[in-house]
There are 2 protein chains.
Amino acid sequence: MRSHFCGLVDESMIGQTVTLCGWADVARDLGGLCFIDLRDHEGIVQVVAEPSDAAGNAAVVAAAAKVHYEDCLRITGVVRARHSVNDKIRTGKVEVLATEIEVLNKAEPLPFHAHENAGEDIRLKYRYLDLRRPEMQKMMRTRIKLVQALRRYLDGRGFQDIETPILTKATPEGARDFLVPARMHPGEFYALPQSPQLFKQILMVAGFDRYYQIARCFRDEALRADRQLEFTQLDMEFAWVRERDVQDAVEGMIRAIFKEVIDVELDAEFPRLTWAEAMRRYGSDKPDLRNPLELVDVAELVKACEFKVFTDAANDPDGRVAALRIPGGAALSRKQIDEYAAHAAKYGAKGLAYAKLDENGAVNSPVAKFFSEGAFAALLAATGAQKGDIVFFGAGGYNKTSDFMGAVRLKAGKDFGLVAEGWKPLWVTDFPMFVWDDEAQRYVALHHPFTAPAVDDIAELRANAKTAVSRGYDMVLNGNEIGGGSIRIHRSDMQSAVFELLGIGAEEAEGKFGFLLDALRFGAPPHGGIAFGIDRIAALMAGTESIRDVIAFPKTTTAQCLMTGAPSPVPDAQLAEVHVMVRPKAE
Amino acid sequence: MRSHFCGLVDESMIGQTVTLCGWADVARDLGGLCFIDLRDHEGIVQVVAEPSDAAGNAAVVAAAAKVHYEDCLRITGVVRARHSVNDKIRTGKVEVLATEIEVLNKAEPLPFHAHENAGEDIRLKYRYLDLRRPEMQKMMRTRIKLVQALRRYLDGRGFQDIETPILTKATPEGARDFLVPARMHPGEFYALPQSPQLFKQILMVAGFDRYYQIARCFRDEALRADRQLEFTQLDMEFAWVRERDVQDAVEGMIRAIFKEVIDVELDAEFPRLTWAEAMRRYGSDKPDLRNPLELVDVAELVKACEFKVFTDAANDPDGRVAALRIPGGAALSRKQIDEYAAHAAKYGAKGLAYAKLDENGAVNSPVAKFFSEGAFAALLAATGAQKGDIVFFGAGGYNKTSDFMGAVRLKAGKDFGLVAEGWKPLWVTDFPMFVWDDEAQRYVALHHPFTAPAVDDIAELRANAKTAVSRGYDMVLNGNEIGGGSIRIHRSDMQSAVFELLGIGAEEAEGKFGFLLDALRFGAPPHGGIAFGIDRIAALMAGTESIRDVIAFPKTTTAQCLMTGAPSPVPDAQLAEVHVMVRPKAE
């Protein structure tokens, strides 16, 4: 239908007849002289219809005069040099003198104009109009390029791209499973996979050696702004490996694709932090290293003070007292300080103590009175505080205090413009194997129940479960966990022991994971892997905060597709065929 | 963990120390001299542990003596030339003299041995053991290579790989939808997509120009041997195109990937048959052109006979009387002829007339008596029948007669060894737009309701719906429909008219497809596309009859995963969270 793309017409084609297809981006009728900006996926070219003696000219000019915004057109014409060059577009030195204009599809007036700043709801309802905008095209194409680059990289290195089922078995964290009633098995259900975890482990037992998949995963949970019901991960698994084999391989991959897709050179070697160090210095297991602020532990310096909040935490082996010095922070008003306290409270803080040092070195702190003057000076000195700074103090349980002080650190980094430009990847390693779930009164796995512990000895693991370290690792970039993985348990006896420590009894384990335990018995090699969040990486590369900008048809935070209207009611007869019914509302 | 792959150890490495990881494929202990065939994904190498004076030797020999089938091992040793060369394996000129043997994971006795011919149920239950067999590895790797080749081809030609949702809206053929209850919307459901059809059309409206996706699709229907609940298609769509643009592009792609993946040169130009011609000559819309047999229409020659079955069909404008000559078929016994009749009956035949010509030219036919001698001779002559042949005759409605005579043609081709080796692709085009559904008493779409009719004029389409031809096309290979597509309707008024002809009222259309009708109003370019069945093409390339051989974790014909045990019952509390319950059994 077309001989060339609109956006690629150039000076080398002057004098040639071309046939172009595209949308009318702009159409102007200057009294018989008509200009149409014709747009396709490559860009825009100017088309002119001007009165002349040529046969059929009147029809062409008349057709041009009737063109409206977003009409689909097929235009034949001759390329010529443009009088007034437009430097802003690639085709700006030429225009096409139309000899034929065919209207392939008239467009009705649009619900919103591409150049206006429409609300997200209307953009999602008319997603095709939204996606037509050059900004959206660019972001989506960044994602496409990312996936292409990843595949090419892995295909070239012996990784096998293998599809795993979408209709599969309910998993242990079943509460987040999407369920699908089975027509042939009344009362039974498939579940959509939260990840291909067990299948990829099985593939290693099956001898595929290196696996990857750009895999759709599903998690039925309350949506936060940056989550979707379905999401895409680059899922990978390696047989016959230790941690560094996996880490070095994927670090090289990430470096290569950042270079290829957005021409960014990442560090030649990513820094490595243990989980303990990341929590201690940054109050986070996914620290943003672009932010130079660091927490300082000051428990030793407050043990003898008279402020119970501090002394309780300082004397508790599971407690923490941490300080964060913000250079120039003395400028914060009382109101702004309250905002910091409120921010910390969102992460569980019961209060946020502070000390300001004004330009003269005078200290203003509600907690100073609990210290001897020397002790408070020593405390401030330990934080590195100088004139004009503020120091925030948090105290309480170790993890909670780390969390909220980490949140304060992020806010301060942003508020004070301390976050450097650029890309700061790192590895976080040596995670705790288990975390104690107060509510359930049992251990839960920090990564997942298939993560190998650092110790090989089952008795030792049992004896030291609380402090056990796993062989899990995360890749973090600018404060985002972009990848998470581990060496897996490859021995059946160890897997059973870990299930037991997690409160999964032998019978339950057999019912849910019998096939895994079997597989580990029949020749399972040591193996490990990782999964990367494609949506997040694409958003980072595209320079957008929202993963919805790099998903063609995203759902809202209320789990709806505004374009198609999913989800929707279904006739009862259709439900009957799959042996379910809508549950009457609870009284 | 390893320095080399087992299957790639070769003579160039003689004298080198290597560390290998793999499974014990065979382990023999010849009284202190032990041989282990160590296997990884690249192949097998022989490892020897023999008594020597070297330090630690006794431990190595002792460890080797304890190795059993499928143990996971890590072996260090020195490559040396082999005394008795084994030409059957790539590494057959060398062996590895072990200096260290580490057992990474002992294997328990396996439920079946890779070299035995186990039943499919046990193979599916222990899929990891089944997949470990070299035959399965080879078939799966053919599929992986196919997908890789397709992606590389399309990525290099400007196609955009875009993911479309898995959780989407119920479609018109809703009876086959998998439903997913929505937690946040009590009483509402998502549906899994039977194909990304509407999304890919929307992507064309959105300006992506060329789209592809290796897409998972879902159809909840009774499983035949060659179907799966979830299947994979190469889904493609093109904007600004006519039929030949799509067909030529994908024909080139299929040729390229057959060459690349299995080194087969397909025809430089695929033959093209209209649907009408395919039905007439082969009794099938997916004819296997490797089979030389063709149907012959003989209605004109039987109109005057006295056999009512023939005359009724011959005088019905919607009827057909077709003959199939099978060279050498006179050798069929009475019992074998009955088998043909039974086979035809499965496809709806009420009977199957025949005429045998023996070696002397004598005719044996139960229907000869209904003809004058000359008329029967003329009938046989029209079929090209010669001494030693059999001719089958079918009569009845056009499509049904074509169907069962097509089935007879296929059976005869197989039985008489007439099917040539090789690959016979073709295009089938010009399908009927609508087929009349006797049960529903209305038209249904032969392709789908978004397929464009060959005429642009709505009034003309309405007037001639019965004979209307669509712009659909199928790619057929060796009797398999491997791809199907069409030019789509891109005008809102035409789409509404087609919905109406299909009995979908304006309100229903708006509710189900309002977003499509909207999209067609706001600047929808002409577009079309195609989808290829990846599972089937992979099976054809791998030389297997069953698509289950090219799917890592297939389901059975009873829709179960024998490995994981999906589907399975789910606690009622979990169902309550998504607002459904199992339906009490109907009384």
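Residues numbered from 1 in each chain as written. Chains lettered and ligands numbered in written order. Predicted model: local features only at pLDDT ≥ 70, side-chain atom pairs only at ≥ 80, totals over all residues. Heavy atoms only, no water.

Undergrad: For the interface of chain A and chain B, give the residues involved together with the corresponding values.
TA: Opposite the 123 residues of chain A that make contact, chain B presents 123 residues. Summed over both sides, the interface between chain A and chain B buries roughly 10900 Å², with carbon and sulfur atoms accounting for 60% of that surface. Applying the counting rule to chain A against chain B returns 14 salt bridges. For B:R216, the salt bridge is made with A:E163, and the minimal N-O distance between the two is 2.8 Å. There are 59 residue pairs in polar contact (both at pLDDT 80 or more) connecting chain A and chain B. A total of nine residues in the side of chain A that touches chain B trace back to one element, the largest contributor, which is helix 4 (residues 134-155) of chain A. Broken down by class, the residue content of the side of chain A that touches chain B amounts to 68 nonpolar, 24 polar and 31 charged. (Contact = heavy atoms within 4.5 Å. Buried area = accessible area lost by both parts, 1.4 Å probe. Salt bridge = Lys/Arg side-chain N within 4 Å of Asp/Glu carboxyl O. Polar contact = N/O pair within 3.5 Å; in protein donor to acceptor, adjacent residues only side chain to side chain. Helix = DSSP H or I, 4+ residues; strand = E, 2+ residues; numbered from the N terminus. Nonpolar A, V, L, I, M, F, W, Y, C, P; charged D, E, K, R; others polar.)

Undergrad: Hey, could you go over the side chain of B:R151 for me, with residue numbers and the actual values?
TA: Along the chain, B:R151 falls in helix 4 (residues 134-155). The class for B:R151 is buried, based on a relative accessible area of 6%. With sequence-adjacent residues up to four places away left out, B:R151 is seen in contact with A:R151, A:D161, B:D161, B:Y212 and B:I214. (Buried < 20%, exposed > 50% of the residue type's maximum accessible area, 1.4 Å probe, protein only.)

Undergrad: Now, about unusual backbone geometry: what can you tell me, with residues and values included?
TA: Both trends apply: most residues other than glycine have a negative phi, and most peptide bonds are in trans. All names here are of chain A. Following A566, the chain continues into P567 via a peptide bond in cis, with omega recorded as -5°. Turning to its location among the elements, P567 is positioned in the loop between helix 16 (534-542) and helix 17 (572-577). In this structure, D209 is a non-glycine residue whose phi angle is positive, near 70°. Within the fold, D209 resides in the loop between helix 5 (197-205) and strand 9 (210-218). On the basis of relative accessible area, D209 is assigned to the buried category, the value being 3%.

Undergrad: Please provide a residue-by-residue account of the relation of the copies chain A and chain B, values included.
TA: After a rotation of 180° and a shift along the axis of 0.0 Å, chain A superposes on chain B with an RMSD of 0.1 Å. One copy is carried onto the other by what is essentially a two-fold rotation axis. Here 100% of the interface residues in chain A have copies in chain B that are interface residues too; the copies meet face to matching face. (Least-squares fit on C-alpha atoms with pLDDT ≥ 70 in both.)

Undergrad: Quick rundown of the UniProt feature "binding site: ATP" (unreviewed entry) in chain A? Include the residues and the values.
TA: Residues and elements named next belong to chain A. UniProt records the feature "binding site: ATP" (unreviewed entry) for R219, D220, E221, Q228, E481, G533, I534, D535 and R536 in the present numbering. Examined against the element boundaries, E221 turns out to sit in the loop between strand 9 and strand 10 (230-239). In this structure E221 comes out as buried when scored by relative accessible area, which is 18%. With respect to the helices, strands and loops of the structure, E481 is situated in strand 21 (residues 480-487). Residue class for E481 comes out partly exposed when judged on its relative accessible area of 42%. Leaving out residues up to four positions away in the same chain, E481 has contacts with K286, D474, M475 and V476. (UniProt positions renumbered as here; feature names shortened; annotations may be inferred.)

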